[in-house]
Structure formats: structure tokens, C-alpha cells
Amino acid sequence: QMQLVESGGGLVQAGGSLRLSCAASARTFSSYSMGWFRQAPGKEREFVAGIRWSGTSTFYADSVRGRFTISRDIAKNTVYLQMNSLKPEDTAVYYCAAGPLSKPDYWGQGTQVTVSS
């Protein structure tokens, strides 16, 4: 079992930055691929960014590539999502996930990100 706890969401103006953190409980954290997903009101949950368990590969949705960066700190059992140049359309609940990026096994409770115009 793994528990994921997100933090770092909030309200920011367009063009601003936020860094989301996701703390994982499992000692096997380093063996999991990790991802960030988001869900805006009235829309389906969508993939935002992912990092392979090895940490050697990262993946991004076209809508965030070049603005968001995913990273992980194995020693802290934490994965991050640095979000720069935020846009109002980035407003959503952001979820951390662990497991295969196509269908994660574990999910966090989500953290709200609101970008005002």
C-alpha cells in the first residue's frame, strides 16, 4: 500500500508560479513511476506530467510542456511539480499518482490550483 499526500496548491495570478509536492508513504517509492494529473470542473481527469521509476525519463502533456517540470527526491520520498507561467486554463484539482502512468495504482486526495486572470 502507498499513501500519497499533495500540498502546495493555492490561488495565483496568471503568469505566476506554484510548486506542488507529493509525499509518499511507501518505502518502495523509488520503484514506482509517478505522475501528476488534473481535473477541471466539468471535465475528465487528464494526464499532466510523469516520471519513470528510474527517474531517467519524464513526460508531459502538450498543454504544459515547457512550463511545468516534474522531479523527484528519492531520499524524501517526494515528487514535485514546478508550474511556471500559469494560465487560467491550468485551474483544476491536481492529483498525484503512483504506478503505471497509463493506469496508476494509487492516488492522492488532490490539491486545488486556481489561476486568476
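Below or above, wherever it landed, is the structure these notes cover. (Residues numbered from 1 in each chain as written. Predicted model: local features only at pLDDT ≥ 70, side-chain atom pairs only at ≥ 80, totals over all residues. Heavy atoms only, no water.)

Considerations on the state of the cysteines
Inference 1: In this structure the tally under the stated criterion is 1 disulfide.
Inference 2: Linked covalently through their sulfurs, C22 and C96 form a disulfide whose S-S length is 2.1 Å. Torsion about the S-S bond of the C22 and C96 cystine: about -80°, corresponding to left-handed handedness. In this pair, C22 sits in strand β3 (residues 18-24) while C96 sits in strand β9 (residues 92-98), placing the two residues 74 residues apart along the sequence. We note that C22, like C96, is buried. (Disulfide = S-S within 2.5 Å. Helix = DSSP H or I, 4+ residues; strand = E, 2+ residues; numbered from the N terminus. Buried < 20%, exposed > 50% of the residue type's maximum accessible area, 1.4 Å probe, protein only.)

Some words on unusual backbone geometry
Inference 1: Of note in this structure, N77 is not a glycine but carries a positive phi near 50°.
Inference 2: By the element assignment, N77 lies in the loop between β7 (68-73) and β8 (78-83).
Inference 3: Residue N77 is classed as buried on the basis of its relative accessible area, which comes to 19%.
Inference 4: One non-glycine residue, S85, lies in positive phi territory at about 50°.
Inference 5: Taking the relative accessible area as the measure of exposure, S85 reaches 41% and is therefore partly exposed.

Overview of the pairing of β8
Inference 1: Most of β8 is tucked away, with 5 of its 6 residues classed as buried.
Inference 2: Bridge count for β3 against β8 is 6 bridges, and the pairing is antiparallel. Looking at the pairing, L20 lines up with L81 of β8.
Inference 3: Pairing between β7 and β8: 6 bridges, direction antiparallel. Across the sheet, residue R72 finds its bridge partner in β8, namely V79.
Inference 4: Between the end of β7 and the start of β8, which pair antiparallel, lie 4 residues, with N77 showing a positive phi angle near 50°. (Pairing = 2+ DSSP bridges.)

As for the packing of aromatic side chains
Inference 1: Summed over the entire model, instances satisfying the criterion amount to 3 aromatic pairs.
Inference 2: With 5.6 Å between their ring centres and 75° between their planes, F37 and F47 make a pair best called edge-to-face. Here F37 is found in strand β4 (residues 34-39), whereas its partner F47 is found in strand β5 (residues 46-51), with 10 residues between them in sequence.
Inference 3: With a relative accessible area of 27%, F47 lands in the partly exposed category.
Inference 4: Members of the aromatic cluster, connected to one another through ring pairs, are F37, F47 and W107.
Inference 5: Above the ring of W107, the side-chain terminus of R45 is found at 4.4 Å from the ring centroid. (Phe/Tyr/Trp six-rings, centres within 6.5 Å; stacked < 30°, edge-to-face > 60°. Lys NZ or Arg CZ within 6 Å of the ring centre and 35° of its normal.)

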